[in-house]
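# Residue-level structural notes
Take a look at the letters that make up each chain.
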Amino acid sequence: MGSNSHDTHAPSKRVKHESPLNHYLTYIISILLTMLAFAVVLYGDLDRSFILIFIVSLGIVQAIVQLFFWMHAKERGHLFPLIFLGGGALVALTGVITAVYWVWW
């Protein structure tokens, strides 16, 4: 008899789904990071360079949180997109450092 595509002896693979709690937690973290950035700017009595560095750092953290939780970069099979994102970030960082060097030195 021919091969049957519905083999009853094959082990079943279960797909692991995320719970809604994970999405709620990630959403709350994103909102808190945004509120923290607004609070630092509204406070206003801090050093301007500290505010700039702090907001850029919060932006990087929020981008990483959204990359891994909302865009599912933590799942299997996303190695090549992560490599290309990292390469793009490296090129962008090199461009920013070069621009800052040319402007101030």
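Owing to the predicted nature of the structure, the values given are computational and were not obtained by experimental measurement. (Residues numbered from 1 in each chain as written. Predicted model: local features only at pLDDT ≥ 70, side-chain atom pairs only at ≥ 80, totals over all residues. Heavy atoms only, no water.)

In this section: the packing of helix H1 (residues 20-43) against helix H2 (residues 48-69). H2 packs onto H1 with a crossing angle of 170° between their chain directions and a minimal axis gap of 10 Å. Relative to H2, the element H1 lies roughly antiparallel. Together, Asn22, His23, Thr26, Ile29, Ser30, Leu33, Thr34, Leu36, Ala37, Val40 and Val41 of H1 and Ile51, Phe54, Ile55, Leu58, Val61, Gln62, Val65, Gln66 and Phe69 of H2 make up the contact between the two elements. Here the residues of the contact of H1 with H2 sort into 13 nonpolar, seven polar and no charged. (Axes fitted to C-alpha atoms, helices over the stretch in contact; angles between N-to-C directions. Helix = DSSP H or I, 4+ residues; strand = E, 2+ residues; numbered from the N terminus. Parallel < 35°, antiparallel > 145°, perpendicular 65-115°, else oblique. Contact = heavy atoms within 4.5 Å. Nonpolar A, V, L, I, M, F, W, Y, C, P; charged D, E, K, R; others polar.)

Note that Gln62 resides in helix H2. One polar contact links the side chain of Gln62 to the main-chain carbonyl oxygen of Ser30, over a distance of 3.5 Å. Residues contacting Gln62, with those up to four places away along its chain left out, are Ser30, Leu33 and Thr34. (Polar contact = N/O pair within 3.5 Å; in protein donor to acceptor, adjacent residues only side chain to side chain.)

Okay, the layout of surface pockets next. A volume near 320 Å³ is recorded for the largest pocket. Looking at the largest pocket, the residues that line it are Ile60, Ala63, Ile64, Leu67, Leu85, Gly86, Ala89, Ala92, Leu93 and Val96. Of all the elements in the fold, those that place two or more residues in the lining of the largest pocket are H2 and helix H3 (79-104). Considering every element that reaches the lining of the largest pocket, the biggest residue donor is H3, with six residues. For the lining of the largest pocket, the residue count by class is nine nonpolar, one polar and no charged. (1 Å grid on protein atoms, 1.4 Å probe; cavity = no way out; pocket = protein on both sides within 12 Å on 5 of 7 lines; lining within 4 Å. Points joined across faces, edges and corners; volume = space filled by probe spheres on them.)

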